[in-house]
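# Architecture at a glance
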Amino acid sequence: MAIPSPKTLTILPTYRCTAACKECCFESNPNLKSRLTLEEMSSCINEAVSTFPQLENIVFSGGECFTLKDDLFSSISLVSSYGLKSRCVTNGYWAKKESSAMKIAKALSDSGLYEINFSTGLDHQEYVDEKSIINAVKACASFNITPLIMVEKDSEDSRCRASLEENAEIKSLLDNNKLTISSNTWMPFQKDYVDRGFQISPEELETGCNQVFENIVITPHGRVSSCCGLTFEHIKEMKIGHIFENEFLKKAHQSQLEDFLKIWIKVDGPAKIISLLMGDDYTESNIGTVSHNCQACVYLHKDKQIIAKLKQRYTEFLPSVMFRYKAKIRVDSRLEHRSRHGRLL
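Residues numbered from 1 in each chain as written. Predicted model: local features only at pLDDT ≥ 70, side-chain atom pairs only at ≥ 80, totals over all residues. Heavy atoms only, no water.

### Things to note about the overall build of the protein chain
Across its full length, the protein chain holds 13 helices and 9 strands. For the protein chain, with 345 residues in total, the buried portion stands at 47%. Split by element, the accessible area of the protein chain, about 17,100 Å² in all, is 49% carbon and sulfur. (Helix = DSSP H or I, 4+ residues; strand = E, 2+ residues; numbered from the N terminus. Buried < 20%, exposed > 50% of the residue type's maximum accessible area, 1.4 Å probe, protein only. Areas by Shrake-Rupley, 256 points an atom, 1.4 Å probe, with all protein chains shown as cover.)

Written out as structure tokens, the structure reads:
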């Protein structure tokens, strides 16, 4: 049976950001200093390429990865030299002027960047205005870098997404399939969090996690994490290694393949596991509204009643979970073979 191999490496080179959004999962702000050096990022990329044969993408996020300036462009160039796709996630602060947007977009193009995701919305626009996002998107699209705008779910009084979609230049890009706009929601990290009514479908909450085993993450502190989920920094069990160890990615990845809870999360997802262990009414009665599987993952790892029930009952579910996990690996392996060779064995 083939061993699952990550298809994505996510590098979070810094949690420093030009913005300080209140509900940011990493509490990013301009005052944070920790970051990976260019040499450390290069080492992570080289190790990932040599360790994971199915690696396809390397993502640079944060924090604000563009605060690394030339080190970011050099890292993207290294990814391109391996023939892999690269993606950046940014708030677009660097595109206040059209001229600066074009300068950065050209540098990204010269480095071989494939895709760029822009984070914006009501909270982000306290720090980076809509015009900067428009400038950045136009510039990147002009260099054939695939742009996506991720807009926070609007409040009852805001219309950030509608304003973007009504912009003539953005509308033209949308109409010509050169831009995608999506919406998401903040995870609630503050006590005075205001819910904007974003709720993913029950079907999505009851599906397996597509991050665990598929995506491996490097943090600004040199830690290796199991996923790039929005809450992984709050879950100690998701930290599985450190870049200063020998063969750090191989050891970290293999360690999680021996962790039944991670396998279960991969198969059923944290929200469904909670429901299976505690009953359908537990979340609503004891936790409240769960709007994202990453949110459920925190409760799965930190709620004392859930942890106790998990320790008591996990053996009941072990045979079924392992059977479905191994079946999924076989199916994924066949689909991978078909995509590479044009037929299904």
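### With respect to the pattern of salt bridges
The full count for this structure, using the stated rule, is 13 salt bridges. Note that Glu316 is salt-bridged to Arg313, the shortest N-O span being 3.0 Å. Taken together, the residues span about one helical turn, with Glu316 and Arg313 both in helix 13 (residues 304-341) at a distance of 3 residues. Because the salt bridges share partners, they merge into one network encompassing Glu98, Lys138 and Glu169. (Salt bridge = Lys/Arg side-chain N within 4 Å of Asp/Glu carboxyl O.)

### Concerning the nonpolar core
Core analysis: the largest hydrophobic core is formed by 53 residues, its most contacted members being Phe60, Phe66, Leu108 and Ile116. Residues contacting Phe66, with those up to four places away along its chain left out, are Leu72, Phe73, Cys88, Thr90, Tyr93, Trp94, Ile104, Leu108 and Ile116. Core analysis: the next-biggest nonpolar cluster, separate from the first, contains 41 residues, Leu12, Phe260, Ala296 and Ile306 among them. (Core = buried A, V, L, I, M, F, W, Y, C linked by side-chain atoms within 4.5 Å. Contact = heavy atoms within 4.5 Å.)

### A few points about the sheet that holds strand 9 (residues 239-242)
Strand order in this open sheet of 9 strands is 6-5-4-3-2-1-7-8-9, and the pairing throughout is mixed. Across the chains shown, the open sheet's two edge strands, defined by having one partner strand only, are strand 6 (180-184) and strand 9. Neighbour-to-neighbour, the strand axes of the sheet open up by a mean angle of 20°, direction not taken into account. Sheet analysis places strand 1 (residues 8-11) next to strand 2 (residues 57-60), joined by 4 bridges and oriented parallel. Across the sheet, the residue bridging to Ile11 is Phe60, located in strand 2. (Pairing = 2+ DSSP bridges. Axes fitted to C-alpha atoms, helices over the stretch in contact; angles between N-to-C directions.)

### Let's talk about the packing of helix 1 (residues 38-51) against helix 2 (residues 70-81)
The interhelical angle for the contact between helix 1 and helix 2, taken along N-to-C directions, is 15°, at an axis separation of 10 Å. With respect to helix 2, the axis of helix 1 lies roughly parallel. When the axes of helix 1 and helix 2 are compared, the crossing they make is right-handed. Contacts from Leu38, Met41, Ser42, Ile45 and Asn46 in helix 1 reach Asp71, Ser74, Ser75, Leu78 and Val79 in helix 2. Along the lines of polarity and charge, the residues of the contact of helix 1 with helix 2 split into 5 nonpolar, 4 polar and 1 charged. (Parallel < 35°, antiparallel > 145°, perpendicular 65-115°, else oblique. Left-handed = near helix turned anticlockwise from the far one by under 90°. Nonpolar A, V, L, I, M, F, W, Y, C, P; charged D, E, K, R; others polar.)

### Remarks on the side chain of Asn135
Examined against the element boundaries, Asn135 turns out to sit in helix 4 (residues 130-142). By relative accessible area, which is 3% here, Asn135 ends up buried. Within the structure, the side chain of Asn135 is placed 3.3 Å from the backbone oxygen of Lys96, a separation counted as a polar contact. (Polar contact = N/O pair within 3.5 Å; in protein donor to acceptor, adjacent residues only side chain to side chain.)

### Concerning a negative patch on the surface
Negative charge collects at one region of the surface, where Glu203, Glu204, Glu206, Asp280, Asp281 and Glu284 lie side by side. Its location among the elements puts Glu203 in helix 7 (residues 202-205). Residue class for Glu203 comes out exposed when judged on its relative accessible area of 56%. (Patch = residues over 30% accessible without salt bridge, like charges linked within 9 Å, V, L, I, M, F, W, Y side chains within 5 Å. Lys, Arg positive; Asp, Glu negative; His and termini not counted. Charge placed at Lys NZ, Arg CZ, Asp CG, Glu CD.)

### Points about the environment of Phe232
Looking at where Phe232 falls in the secondary structure, it is placed in the loop between strand 8 (223-225) and strand 9. Under the relative-accessibility criterion, Phe232 is labelled buried at 1%. Phe232 sits 207 residues away from Cys25 along the chain, and the two C-alpha atoms are 9.0 Å apart. If sequence neighbours within four positions are ignored, Phe232 has contacts with Leu12, Tyr15, Phe26, Val217, Thr219, Ser225, Cys227, Met238 and Lys239.

### A few points about the packing of helix 4 against helix 6 (residues 168-175)
It is at 10 Å that the axes of helix 4 and helix 6 come closest, and there the two elements cross at 40°. With respect to each other, helix 4 and helix 6 are oriented oblique. Helix-helix and strand crossings are classified by hand; for helix 4 and helix 6 the assignment is left-handed. On helix 6, the residues that touch Ile134, Val137, Lys138 and Ala141 of helix 4 are Glu169, Ile170 and Leu173. When the residues that make up the contact of helix 4 with helix 6 are grouped by side-chain class, the tally is 5 nonpolar, no polar and 2 charged.

Scope: geometric values only; no functional claims are made or implied.
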